[in-house]
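# Report on the structure
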Amino acid sequence: MRWKDSINSMKLDVLKEIGNIGAGNAATSLSTMLSKEVEIEVPQVNLVELPDLFNYLKSPEEIVASTIVGIKGDAPGKMLMNFDSASTKHLISLLTGESPEDITSMNEMQSSVISEIGNILCSTYVISLSNFTSLFLETEVPILVVDMFAAIISETSMMAATDYDDVLMIETTLKIRNGKDLNGFLTMFPQPGSLEKIFQKLGMS
Amino acid sequence: MEEKIMIGIGEFKVAKNPSILVTLGLGSCVGVCLRDKYNHIGGMIHIMLPEAKESSGNLSKYAYPGIKLMVDEMVKRGADAKNFEAKIAGGASMFESKGFEIGKKNSDKVKEILHQLGIRVLSEDIGGNRARSLEYRIEDGTLFVKKVGGKESIEIVEL
């Protein structure tokens, strides 16, 4: 099965709008937490064939810290908030005053800080999606994974849509305006069936 | 000059000596490396799931029938199945969530199929909770397994 077979350009626009609303709210949350202005890049909806995923991700073997949050309720799926190594260290330093030497050996407090940031951003995204669509949506306990970027993306996508031959990503990048580079990559992977429910609620079929 | 050939998620490629077959980001996925050292042909498949439920779509992402498809392709290109030797890696459990035991299901299925096909598994690096990248040299059958180690380094192990 392929997402590509069931998504036309009108639906793509709706998904971009969802991405916009979700990410916009998440960015506001992060702004509040850091007391800095956080911007989002224009959200994109991308359909990538599985074998092309490595080419699509610019640095597939990069070591990153990702928080994965399950979405349950009327339109289940997976949310993923990803920060590269420099951003992870910078975030932890902004919030705790010290940064880990490397993200593969963070102590419990540091892991919990980054996991909680990811959790708050993903939850904000889901709440705004829930409000926008009037669907009942909740988030699950976050999981923090520090590993190669491509593995985390493919693993999460597979958990959401196991038998699909392509990956659907509703993604955006979060940056701190005029500040040190903070690159956050926020993605939503819907489960099959969830998109239909969303479109139905929004008056499309 | 050896050519590096990239195998993406859910696909396989077959090549001749002196190519090097590469794949990245094996989490619960399993990479199966095969070669016929006498006819200098090798193949690598990046498997995501144990068994296909339908007969359409991308079948290479399943251990069954993917591995057999790769074996058939290697034979078509001149390999002799009697000579085959295999090395496998992957099947990790990256997220500690119960119920997603796909890594173990994949590696068990892969070993079952290789056994049924009469192909010897020379070495394996499976399980754990880290993702792996692989580099397989058809020339001498060396498999390099890369994983994230301490201090954000990449550890390389030779199988």
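Residues numbered from 1 in each chain as written. Chains lettered and ligands numbered in written order. Predicted model: local features only at pLDDT ≥ 70, side-chain atom pairs only at ≥ 80, totals over all residues. Heavy atoms only, no water.

A few words on the environment of Met48 of chain B. You can see Met48 of chain B is positioned in the loop between strand S5 (41–47) and strand S6 (49–51). Distance from Met48 of chain B to Ile102 of chain B, taken between C-alpha atoms, is 8.6 Å for residues 54 residues apart in sequence. (Helix = DSSP H or I, 4+ residues; strand = E, 2+ residues; numbered from the N terminus.)

All names here are of chain B. Put simply, helix H1 (residues 63–76) and helix H2 (residues 102–116) touch, their axes get as near as 10 Å, and they point 45 degrees apart. Considering the angle they form, H1 stands oblique to H2. Here H1 and H2 pass one another in a crossing that is right-handed. Of the residues in H2, those in contact with Ala63, Tyr64 and Ile67 of H1 are Lys109, Val110, Ile113 and Leu114. (Axes fitted to C-alpha atoms, helices over the stretch in contact; angles between N-to-C directions. Parallel < 35°, antiparallel > 145°, perpendicular 65-115°, else oblique. Left-handed = near helix turned anticlockwise from the far one by under 90°. Contact = heavy atoms within 4.5 Å.)

With that settled, consider the packing of aromatic side chains. Residue and element names in this part refer to chain A. In total, this model carries two aromatic pairs over all chains according to the counting rule given. Aromatic pair Trp3 and Tyr164: ring centres 4.5 Å apart, planes at 40 degrees, arrangement tilted. Placement of the pair is Trp3 in the segment before helix H1 (9–34) and Tyr164 in the loop between helix H5 (149–160) and strand S7 (166–176), with a sequence separation of 161 residues. We note that Trp3, like Tyr164, is buried. With centroids separated by 5.7 Å and ring planes inclined at 85 degrees, the aromatic side chains of Phe149 and Phe185 adopt a geometry described as edge-to-face. Remark: Phe185 occurs in strand S8 (residues 184–190) and Phe149 occurs in helix H5; sequence separation between them is 36 residues. Residue classification places Phe149 among the buried residues on the basis of a relative accessible area of 10%. (Phe/Tyr/Trp six-rings, centres within 6.5 Å; stacked < 30°, edge-to-face > 60°. Buried < 20%, exposed > 50% of the residue type's maximum accessible area, 1.4 Å probe, protein only.)

A word on the pairing of strand S7 (residues 84–90) of chain B. Residue and element names in this part refer to chain B. Counting buried residues in S7 gives seven out of seven residues, a clear majority hidden from the surface. Every second residue of S7 is oriented toward a common face, with Phe84, Ala86, Ile88 and Gly90 on one face and Glu85, Lys87 and Ala89 on the other, all of them buried. The pairing of strand S4 (residues 30–36) with S7 spans seven bridges and is antiparallel. The partner of Gly31 across the bridge, within S7, is Ala89. Where S7 and strand S8 (residues 120–126) come together, six bridges link them in parallel fashion. (Pairing = 2+ DSSP bridges.)

With that settled, consider the sheet that holds S8 of chain B. Residues and elements named next belong to chain B. One open sheet accounts for five strands, arranged S2-S5-S4-S7-S8; its pairing is mixed. Each edge of the open sheet is held by one strand with a lone partner, namely strand S2 (12–16) and S8. If you compare each strand with its neighbour and ignore which way they point, the axes differ by 15 degrees on average. Seen against the sheet, H1 touches S2, S4, S5 and S7 and runs at an angle of roughly 165 degrees to S5.

All right, on to the UniProt feature "domain: CheC-like protein" (unreviewed entry) in chain A then. Residues and elements named next belong to chain A. Taking the UniProt record as the reference, the feature "domain: CheC-like protein" (unreviewed entry) is found at residues 10–46 and 109–145. Strand forms 16% of residues 10–46 and helix 68%; the C-alpha atoms that close the span are 14 Å apart. As annotated, residues 109–145 has a helix share of 68% and a strand share of 16%, and its two end C-alpha atoms lie 15 Å apart. (UniProt positions renumbered as here; feature names shortened; annotations may be inferred.)

Residues and elements named next belong to chain B. Along its 15 residues, H2 runs 21 Å from first to last C-alpha, staying within 8% of the 21 Å computed at 1.5 Å per residue. Every buried residue of H2 is accounted for by Ile102, Gly103, Asn106, Ser107, Lys109, Val110, Ile113 and Leu114. The buried residues of H2 occupy an angular sector of 165 degrees when the element is viewed end-on, so they sit on one face. Counted as exposed and oriented over 90 degrees from the buried face of H2: Lys104, His115 and Gln116. In the segment just after H2, Gly118 is the residue with positive phi, at about 75 degrees. (Expected span 1.5 Å × (residues − 1). Arc of directions from axis to C-beta.)

Taken together, the contact between chain B and chain A spans 36 residues of the former and 30 residues of the latter. Both faces combined, the contact of chain B with chain A buries some 2,900 Å², and carbon together with sulfur accounts for 64% of it. Broken down residue by residue, the surface that chain B buries against chain A is led by Ile9, Phe95 and Glu152 of chain B, which jointly contribute 26%. The tally of links from chain B across to chain A stands at four salt bridges. With a shortest N-O distance of 3.5 Å, Glu61 of chain A and Lys146 of chain B are connected by a salt bridge. The interface formed by chain B and chain A includes 15 residue pairs in polar contact (both at pLDDT 80 or more). Mapped by element, the contributors of at least two residues to the side of chain B that touches chain A are strand S1 (4–7), strand S3 (20–26), strand S9 (132–137) and strand S10 (143–148) of chain B. By residue class, the composition of the side of chain B that touches chain A is 14 nonpolar, 14 polar and eight charged. (Buried area = accessible area lost by both parts, 1.4 Å probe. Salt bridge = Lys/Arg side-chain N within 4 Å of Asp/Glu carboxyl O. Polar contact = N/O pair within 3.5 Å; in protein donor to acceptor, adjacent residues only side chain to side chain. Nonpolar A, V, L, I, M, F, W, Y, C, P; charged D, E, K, R; others polar.)

What follows covers the side chain of Arg35 of chain B. All names here are of chain B. Topologically, Arg35 is positioned in strand S4. A polar contact is formed between the side chain of Arg35 and the backbone oxygen of Ile138, at a distance of 2.8 Å. There is a polar contact of 3.1 Å between the side chain of Arg35 and the backbone oxygen of Glu139. Once residues within four sequence positions are removed from consideration, Arg35 is found in contact with Ile41, Gly42, Met74, Asn83, Phe84, Glu85, Tyr136, Ile138, Glu139, Asp140 and Gly141.

Next up on the list: the pattern of salt bridges. Enumeration over the complete set of coordinates arrives at 23 salt bridges over all chains. Of the charged contacts, one joins Glu49 of chain A and Arg2 of chain A as a salt bridge, the two residues approaching to 2.8 Å between their closest N and O atoms. With Glu49 of chain A in strand S2 (residues 44–49) and Arg2 of chain A in the segment before H1, the pair connects residues that are 47 residues apart, well separated along the chain. Notably, a salt bridge pairs Arg137 of chain B with Glu139 of chain B, separated by 3.9 Å at the nearest N-O pair. Connected through salt bridges with shared partners, the residues Arg2, Lys4, Glu49 and Asp165 of chain A together with Lys61 of chain B form a single ionic network.

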